[in-house]
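Results of the structural survey
Each chain, letter by letter, is given below.
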Amino acid sequence: MHMMVARPEQWVKPMAVAGANQYTFHLEATDNPGALIKDIRENGMKVRGASARSSAWGARGLVLPLPQVGLAIKPGTTVEHLAPWANQIDMALVMTVEPGFGGQKFMEDMMPKVQWLRTQFPSLDIEVDGGVGPDTIHKCAEAGANMIVSGSAIMKSADPRSVINLLRNVCSEAAQKRCLDR
């Protein structure tokens with residue numbers, strides 16, 4: 001779950017009770033990220049089996065389980081604000097649009113954040129969300145993103161399946177190249 005809410009602390013228990021196995025919150029929405037990360041883990045955000053609901057396509061193909069704790073940053077937040085929490089989370093989410101509505105233009109100037117995270121935390125799952133589609137996926141994958149969110153580019157496509165395959169393949173190829181370059 002990507003919780004774009006004020007006071008994400010208040011939603012941990014209700015989401016866990018509802019069956020959520022992953023909880024991503026915005027760093028800017030809480031005064032105490034460490035306590036919130038601990039609360040998420042203590043509320044058992046764990047995968048229950050290998051259903052489609054508990055799996056995701058990442059750079060390595062079908063990835064199980066989903067990350068348990070994700071931490072998102074808006075475009076105006078420096079990546080260094082996320083760094084102190086990187087070893088306590090499973091996924092970092094770099095927003096490449098201002099949160100709020102779909103169809104916004106991809107902010108390429110967010111890619112240095114992704115690159116920095118990939119360099120500093122090579123095994124961390126790094127997701128990008130906002131304006132990601134066939135025209136922007138290469139920039140995301142080359143910067144180091146191994147998870148993506150793509151809404152409008154897929155939903156408005158005449159051939160959603162081919163768009164999904166393209167996005168998946170580009171991420172997978174970039175991850176394989178990074179592994180070979182190490």
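My aim in this report is to walk through the structure given alongside it, one point at a time.

1. Observations concerning helix H6 (residues 160-181)
In this model, H6 (22 residues) spans 32 Å end to end at C-alpha, consistent with the 32 Å of a helix rising 1.5 Å per residue. Val163, Leu167, Val170, Cys171, Ser172, Ala174, Ala175 and Arg178 are the residues of H6 that are buried. Each element contacted by the buried residues of H6 is listed here: helix H3 (111-120), helix H4 (137-143), strand E8 (147-149) and helix H5 (152-155).

2. Some words on the layout of surface pockets
Estimated volume of the second largest pocket: approximately 380 Å³. In terms of lining, the second largest pocket is formed by 23 residues, of which the most central are Gly130, Gly131, Val132, Gly151 and Ser152. Split by residue class, the lining of the second largest pocket holds nine nonpolar, 11 polar and three charged.

3. Observations regarding the state of the cysteines
What makes a disulfide is a covalent bond joining the sulfur atoms belonging to two cysteines. Considering all chains together, one arrives at zero disulfides under this definition. Left without a disulfide partner, Cys171 is nearest to the cysteine sulfur of Cys140, which lies 7.4 Å away.

4. Comments concerning the pairing of strand E5 (residues 69-73)
Of all the five residues making up E5, five are buried; the element is thus mostly covered by neighbouring parts of the structure. One ladder, built from four bridges, connects E5 with strand E6 (residues 91-95); its direction is parallel. Paired with Ile73 across the two strands is Val94, which belongs to E6.

5. Notes on the pairing of E6
Of all five residues in E6, five are buried, a share of seventy percent or more. In E6, alternate side chains face the same way, and those of Met91, Leu93 and Met95 on one face and Ala92 and Val94 on the other are all buried. In this structure, E6 lies alongside strand E7 (residues 125-129), joined through five bridges in parallel fashion. Each residue of the ladder has a partner; that of Val94, found in E7, is Val128. On the question of chirality, the crossover connecting E6 to the parallel E7 by way of H3 is right-handed.

The rules behind the values
Residues numbered from 1 in each chain as written. Predicted model: local features only at pLDDT ≥ 70, side-chain atom pairs only at ≥ 80, totals over all residues. Heavy atoms only, no water. Helix = DSSP H or I, 4+ residues; strand = E, 2+ residues; numbered from the N terminus. Expected span 1.5 Å × (residues − 1). Buried < 20%, exposed > 50% of the residue type's maximum accessible area, 1.4 Å probe, protein only. Contact = heavy atoms within 4.5 Å. 1 Å grid on protein atoms, 1.4 Å probe; cavity = no way out; pocket = protein on both sides within 12 Å on 5 of 7 lines; lining within 4 Å. Points joined across faces, edges and corners; volume = space filled by probe spheres on them. Nonpolar A, V, L, I, M, F, W, Y, C, P; charged D, E, K, R; others polar. Disulfide = S-S within 2.5 Å. Pairing = 2+ DSSP bridges. Right-handed = clockwise from strand over helix to strand, strands pointing away.

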